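# Summary of the model geometry
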Amino acid sequence: MLDLLTGFVGELRAAGIPVSLTEHLDAAEALRHVPVEDREALKYTLGASLVKSSSHWRAYETAFEIYFSLRGPAYRIDDAQDGPGQLDTDDTGQMQGQGHQRGQGRGRGSGGGEGMTPEELADLLYKALLGANSSMVAAVARQAVSRYAGMEAGRPVGGTYYLYRTLRNLDLDGVLERLMAESRASTRSAAEDPGGGDPGGGDGGDPTVTLTSLEERLLRDEFQARIDQLKAEIENEIRRRLVADRGSEALAKSLRKPLPEDIDVMHATRDELVALRKALVPLSRKLAVRLARKRRHGRKGPLDFRSTVRHSLSTGGVPVDPKFRYPRPSKPEIVVIADISGSVASFARFTLHLVHAISSQFSKVRSFVFIDGIDEVSRFFERVDDPSEAVHRINTEADVIWVDGHSDYGHAFTVFWERWGEEITPRSSVLLLGDARNNYHASQAWVVKELQARARHVYWLNPEPRAYWDSGDSIVGEYAVHCDDVVECRTLRQLERFVGELA
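Residues numbered from 1 in each chain as written. Predicted model: local features only at pLDDT ≥ 70, side-chain atom pairs only at ≥ 80, totals over all residues. Heavy atoms only, no water.

### Describing the overall build of the protein chain
In terms of helices and strands, the protein chain carries 18 helices and eight strands. Counting across all 503 residues of the protein chain, residues that qualify as buried make up 45%. Within the protein chain, residue pairs in contact and separated by at least 24 positions form 74% of the contacts whose partners lie at least 6 positions apart. On the protein chain, roughly 26,200 Å² of surface is accessible, and the fraction owed to carbon and sulfur atoms is 50%. (Helix = DSSP H or I, 4+ residues; strand = E, 2+ residues; numbered from the N terminus. Buried < 20%, exposed > 50% of the residue type's maximum accessible area, 1.4 Å probe, protein only. Contact = heavy atoms within 4.5 Å. Areas by Shrake-Rupley, 256 points an atom, 1.4 Å probe, with all protein chains shown as cover.)

### A word on the pairing of strand β4 (residues 364–370)
Taking burial as the measure, the seven residues of β4 include six buried ones, the bulk of the element. Where β4 meets strand β5 (residues 374–376), three bridges bridge the pair, whose relative direction is antiparallel. Considered in β5, the bridge of V369 is made with D375. Hairpin connection from β4 to β5: three residues lie between these consecutive antiparallel strands. (Pairing = 2+ DSSP bridges.)

### Focus on the sheet that holds β5
The strand order across the open sheet built from six strands is β5-β4-β3-β6-β7-β8, with neighbouring strands paired in mixed fashion. Each of the sheet's edge strands pairs with one partner strand only, and the pair in question is β5 and β8 (485–488). Between one strand and the next, the sheet's axes are offset by a mean angle of 20°, whatever the strand orientation. (Axes fitted to C-alpha atoms, helices over the stretch in contact; angles between N-to-C directions.)

### A word on the packing of helix α6 (residues 134–149) against helix α9 (residues 213–246)
Two elements in contact, α6 and α9, have axes whose closest approach is 9 Å; the angle formed by their N-to-C orientations is 50°. Compared by their axis directions, α6 and α9 come out oblique. Seen along the crossing, α6 lies across α9 with a hand that is right-handed. Of the residues in α9, those in contact with S134, V137, A138, A141, R142, V145 and S146 of α6 are Q229, L230, E233, I234, E237, I238 and R241. Looking at side-chain class alone, the contact of α6 with α9 contains seven nonpolar, three polar and four charged residues. (Parallel < 35°, antiparallel > 145°, perpendicular 65-115°, else oblique. Left-handed = near helix turned anticlockwise from the far one by under 90°. Nonpolar A, V, L, I, M, F, W, Y, C, P; charged D, E, K, R; others polar.)

### Quick look at the side chain of S429
Secondary-structure assignment places S429 in strand β6 (residues 428–433). Classification of S429 by relative accessible area gives buried; the value is 2%. Beyond its immediate chain neighbours, meaning those up to four positions away, S429 contacts P332, E333, I334, V335, R456 and H457.

### Observations concerning the packing of helix α5 (residues 118–130) against α9
Two elements in contact, α5 and α9, have axes whose closest approach is 10 Å; the angle formed by their N-to-C orientations is 125°. On the basis of their axis angle, the class for α5 and α9 is oblique. Between α5 and α9 lies a crossing whose hand is right-handed. The segment α5 lies against α9, with L125, L129 and L130 engaging F223, R226, I227 and L230. Its residues placed into classes, the contact of α5 with α9 shows six nonpolar, no polar and one charged.

As structure tokens, this is what we get:
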């Protein structure tokens, strides 16, 4: 168990979840106080010791399900067709899963699932979902994986492929409609015979009674929840067999879930973008506190001779406690010039959101966005509590189209210099955001050179991998020679690190 826990903690660290040695020891101690056979208790006990942020829970849960998966010969893929998928039927016709649920061996009774036809399995699935029989659902899931997943030992295929094959053959959309039709028919039957067959029990009822829209919606939600439970059981069964075939470490590496702060903003899915937006608020608060603390507890300045002598009087003139002049760093002025075209738009919006969320740590923040035209959007952030509202207005109201709406860095920078160049001062730090893919237009790199001459610093944040720079129509190299630094910035973690060093 300790070896298993060590491998589990190593996977959490590899996924980006910070786990200290002390927390590792706490988790090992916690194992002494929970029953190991209770996986839910074990899961949440270890989570209390090892996880410090709710945004890390998804990655933790995935790693836990792999390292603490149910194990044993019943999950060998090469023996799957006649092993874990067996179903037995008791005297009342109810299906029961044999094997790992109660720690029993593989029973091979006459009611085994290996002899079932696809139609019989579909009928059993329907009955399990209709009756909300969780043990029957789990048994059907095991049999469905054995029959439909087509798992092969040693084959380097992800669990998603096996899950797709299994669900495709089960036709769960059709099952859901069948369940709804059965509920409607039951409602009509009850309306026609409200007395339940008793001659004196009613007057015939109303055969036209149907489910109301609310009742139908609630029923559909209930059946969908049962189907989601079935999907989870199928996914767990596939994962167990993959662990038995490949081992925990190899499978964890292929199924590792990135943390929200490590998601590539340019290639994030819709769900990942939602997670990124949720992570921005606590990130901006943490960053603001860090910057304020950094400014308040800055490094010691030069020796304060007069103060040192004055304090040495209490020690007989011996300067035991030297005194220093603490620097009072001025807050920088930030000017953000962001490309919001195409795929880099998401990165620009997240950066604008973060910079304005911590604007109190800077003396002034001015924002400009461009495609082939350029517009100042600082006004959208004025008197706005939530920067995401301002970012939304930028998408619809900013005047950033000059000709055809294709990126033209040269024209946008030239217009910026003509209209606002005089306002750049030695206190300004200029942040240029974009991939520098200029659609083969003139670069006008002289503008960046002039900005560097006027400003305190000029930084370029590029959301593309460094290997892609200066390939195709990317001309980031022409601008880089006039910047203090060009930073690869594809994730919130990289963005946080950079912004944290600005002040």
